[in-house]
Number of protein chains: 2
Amino acid sequence: MTATTQPLAAAHGVGRALRPTGKVLPEHARAHNRSLVLAHLFHTGHASRADIARSTGLTRVTVSGLVAELIAEGLVEELGVRVEGKVGKPATLVGMRTEAFQIVAVDLTDDAHLRGAVMTLVGAVVARRSVALEGRTGQAATDLLESLCRDLLAVATRPVIGVGIASPGVIDVDGTVVQAPNRGWYDLPLAADLTESLGVPVHVANDANTRALGEFTYGSAAGSGCMVLTIGEGVGAGIVVDGALVLGRHHAAGEIGHVTVVDGDARDEPPLDCACGRSGCLETVLSVPALRRRTAGLSTEDSDAALASVGRLLGIALAPVVSALDLAEVLLSGPPELLDGALRESALATVRARTMPVIGHGLALRMGSLDEDGALAGAAVLVLSGQLGVS
Amino acid sequence: MTATTQPLAAAHGVGRALRPTGKVLPEHARAHNRSLVLAHLFHTGHASRADIARSTGLTRVTVSGLVAELIAEGLVEELGVRVEGKVGKPATLVGMRTEAFQIVAVDLTDDAHLRGAVMTLVGAVVARRSVALEGRTGQAATDLLESLCRDLLAVATRPVIGVGIASPGVIDVDGTVVQAPNRGWYDLPLAADLTESLGVPVHVANDANTRALGEFTYGSAAGSGCMVLTIGEGVGAGIVVDGALVLGRHHAAGEIGHVTVVDGDARDEPPLDCACGRSGCLETVLSVPALRRRTAGLSTEDSDAALASVGRLLGIALAPVVSALDLAEVLLSGPPELLDGALRESALATVRARTMPVIGHGLALRMGSLDEDGALAGAAVLVLSGQLGVS
DNA sequence: TCACGTTTGTTAGTAGACCTTCCTTACAAA
DNA sequence: TTTGTAAGGAAGGTCTACTAACAAACGTGA
């Protein structure tokens, strides 16, 4: 038993805030509760004011007030009386007017084309437009993107509540593109610039993160912890942990494509050079071009063996991440003929073999439930979340 | 250019909430702002009401009200007039009464002893107590813990605002021990039970997570993303991402000790059997006993080589995690004579070699700045955070 | 058939929280 | 002594959500 009086830090001025916090005003509380009501209607489809009151914990009076405000803005409408015969006064249902507004979403994942769509608030595609990039970068690429957005805004048949853009590269929370080498964008405040020029709120986020958002909101991703691995020209990931997207120190979280997975001293295969200047990166074996090269001309059996060996490498890289974050799911997004077979099974078996049973046993590793529109859907979620607080 | 009308989900009832949200009342806003004021005083040491108003964004009137409330509760006191001569009425400084209250912290990391301390609000140890566990588990261990807490509460010279406990095992957000095999605890509502029997608020969290909190608040950990790797009998980790502790699906995040790092086909060393029933786990090479066995009787040179080879294995396991989360720092907590040398340098070099330059280059991998009291300090932070909203 | 209980949604009044505006106090500089 | 600046507090207003009470609408059971 000893007693010391040495403090762990000076008597004053210790530490720093765990989470950047700001003041909260009553009006912020109201905005939060308003989003709560709207989100409930978004997720359940329709409900009575009393239903909403019960599930949010607010009183019927407060909910009535919020619903009235939402109806006045045109976001919500009364749907008539509930038909189910129960005792008491029948409820008048209200629902979100998901067809009354539209969202413009753009996916910049592809190096050759800008793909965009007009969507309803529930993610249904109303119209599509795409333009060839034809090698444009920098300002020329920005101009082309802006004109695509204008086209889409013109095609929309309802008021557009915002534009969502999924872009490759490192993008901060304000929608500034810190760097996107393939587009020649560096420190470009894309969201702010387009919001200014288009006159509509614009939200921009990384394409892998966006895809994770899309899977999460419209797909089947688990909220308690999941990772969406996007496999295309490159390999990227978006990670949702404890219900929130992981951003990282440089907003570069999920950049898992350039982790070394093939060592120089490996017996079975030599490391391949990577575009990043190093060699043996995950991208050199798992990207779609790499997988196609690897399986080209092989018999089904040999092809499966090749895919399984890539799956094993993926599993080795995933195991520490899955363990450290206690993830519930890993979703793969990309060509199913390459991914959804020997590769996926081998990766899952590898992760299970290399992690604690409690972690690996319940883990799901499967294909994402959205197709190539995943990034578009996620871009729409950016707008829903940013403009309406719904997600 | 095509147009489809197929929705990504049914017109109603899509998705689920991104983050579990609840209603926010004006009184919650006040509690938040109160914590904001207190946290400012905790971090800066002392300030005038006007200073606080400027840095929080609240008005002087509101801050005065909150400060008056805090003074009435005895948490804050006036410190006299600021001496620096500037124009205008001199400011009366206020500060948190960090010596007026105490915290009881207990560290259950050790398998043989329960270690506890009475601490001030800034983490200075006022008194220590420890008791030998002597093999007790289950209810006997709980009883011993409770009596240690009572001893510490009796030793405290000031009112105790709460008890913080750092325990090994899987622990949920309510302080229920889901499982802690070494203590024989399963589904034990430890925080609730002790709060009831001691009559003081009790907070319980995993010891690795707690240590991360301690490093974060009193130490030098980076808030934007860091991982504190605790190396003792076993290997565990606490991870702070985007300013919040990662919990994971089963509240088992950070359980990185049982990731396989030694393969069966490795040329240089065979995988060792692990207590978890598998083999080749990180813990079989990185735990303190394993490191001591490995370096016992070796010359300095050979010992460094052995430690470097373990560091390389650690680096291989860390690289995917660092990349996926874009971590700024990895801190090691454990015996410096084993960790802070060839092992650390080799691990850092390995991580840098196996990740993108933008990720690995700025990464710091160093020893935690707190010693063996790290878990105690973190337990104190649990109380500060839970009772006062300060962290 | 009809009183009764149940449920819904609204109106009225209350309490809390913050803001803006204005005032007093206190000091330094001219 | 005058002037300008800054701190702190008091008064009044706005916003938010709550409780209490009530009317409307419906099923149920005597």
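Residues numbered from 1 in each chain as written. Chains lettered and ligands numbered in written order. Predicted model: local features only at pLDDT ≥ 70, side-chain atom pairs only at ≥ 80, totals over all residues. Heavy atoms only, no water.

A. Here's a closer look at the domain arrangement of chain A. Residue and element names in this part refer to chain A. Assigned domains of chain A: these are domain 1 (27-96), domain 2 (102-212 + 374-388) and domain 3 (220-367). In this complex, domain 1 contributes 5 residues to the contact, which on the side of domain 2 involves 4 residues. The junction of domain 1 with domain 2 conceals about 390 Å² of combined surface from both sides, 77% of it contributed by carbon and sulfur atoms. Considering only the side of domain 1, the residues that lose the most area to domain 2 are F42, L75 and M96, jointly responsible for 67% of the buried surface there. For the pair domain 1 and domain 2, the interface holds 0 salt bridges. Inspection of the region where domain 1 meets domain 2 yields 1 residue pair in polar contact (both at pLDDT 80 or more). A per-element tally of the side of domain 1 that touches domain 2 places helix α1 (residues 26-44) first, with 3 residues. Partitioned by chemical class, the residues of the side of domain 1 that touches domain 2 number 4 nonpolar, 1 polar and no charged. (Domains from an automatic or database assignment. Contact = heavy atoms within 4.5 Å. Buried area = accessible area lost by both parts, 1.4 Å probe. Salt bridge = Lys/Arg side-chain N within 4 Å of Asp/Glu carboxyl O. Polar contact = N/O pair within 3.5 Å; in protein donor to acceptor, adjacent residues only side chain to side chain. Helix = DSSP H or I, 4+ residues; strand = E, 2+ residues; numbered from the N terminus. Nonpolar A, V, L, I, M, F, W, Y, C, P; charged D, E, K, R; others polar.)

B. Up close: the protein's contact with DNA strand C. S64, K89 and T92 of chain A together with R30 and T62 of chain B are the nearest of the 26 residues found near DNA strand C. The sugar-phosphate portion of DNA strand C accounts for 70% of its atoms within 4 Å of the protein, the bases making up the rest. Between DNA strand C and R54 of chain A, the relevant distance is 3.0 Å, taken from a phosphate oxygen to a side-chain nitrogen or oxygen of the residue. Take K89 of chain A: an N or O atom from its main chain is 2.7 Å from a base oxygen of DNA strand C. Elements that contribute at least two residues to the surface near DNA strand C include exactly α2 (49-56) and α3 (60-72) of chain A together with α1 (26-44) and α3 (60-72) of chain B. (Near = heavy atom within 4 Å.)

C. Structural context of the confidence of the model for chain A. When pLDDT is averaged across chain A, the result is 89; 93% of the residues are at 70 or more. When the criterion is pLDDT under 50, residues 1-18 of chain A qualifies, and its contacts beyond four places in sequence or with other chains add up to 52 contacts. (pLDDT = per-residue confidence, 0-100.)

D. Quick peek at the protein's contact with DNA strand D. If you check the shell around DNA strand D, you find 27 residues, and the closest are R30, N33 and T62 of chain A together with G88 and T92 of chain B. A distance of 3.2 Å separates a phosphate oxygen of DNA strand D from a polar side-chain atom of R54 of chain B. Broken down by secondary-structure element, the contributors of at least two residues to the surface near DNA strand D are α1 and α3 of chain A together with α2 (49-56) and α3 of chain B. Classifying every residue of the surface near DNA strand D gives 11 nonpolar, 8 polar and 8 charged.

E. Expanded view of the environment of A127 of chain B. Residues and elements named next belong to chain B. Mapped onto the secondary structure, A127 falls in strand β6 (residues 125-132). Since its relative accessible area comes to 8%, A127 is described here as buried. Remark: the alpha-carbon pair of A127 and V155, spanning 28 residues in sequence, is separated by 7.5 Å. (Buried < 20%, exposed > 50% of the residue type's maximum accessible area, 1.4 Å probe, protein only.)

F. Spotlight on unusual backbone geometry. All names here are of chain A. One non-glycine residue with positive phi stands out, namely E134, at about 50°. Residue placement: E134 occurs in the loop between β6 (125-132) and α4 (138-155). Its identity is not glycine, yet D187 carries a phi of approximately 50°, on the positive side. With respect to the helices and strands, D187 occurs in strand β10 (residues 185-188).

G. Just the nonpolar core, in detail. By size, the foremost hydrophobic cluster in this structure holds 92 residues, and its most contacted members are L286 of chain A together with L286 of chain B. A53, V76, A380 and V383 of chain A belong to the second-largest nonpolar core, a separate cluster that totals 41 residues. (Core = buried A, V, L, I, M, F, W, Y, C linked by side-chain atoms within 4.5 Å.)

H. Structural detail: the packing of α1 of chain B against α2 of chain B. Residues and elements named next belong to chain B. α2 packs onto α1 with a crossing angle of 110° between their chain directions and a minimal axis gap of 10 Å. In terms of axis orientation, α1 runs roughly perpendicular to α2. The crossing of α1 and α2 is right-handed. Counted together, L36, V37, H40 and L41 of α1 and I52, S55 and T56 of α2 form the full contact between these two elements. When its residues are assigned to classes, the contact of α1 with α2 shows 4 nonpolar, 3 polar and no charged. (Axes fitted to C-alpha atoms, helices over the stretch in contact; angles between N-to-C directions. Parallel < 35°, antiparallel > 145°, perpendicular 65-115°, else oblique. Left-handed = near helix turned anticlockwise from the far one by under 90°.)

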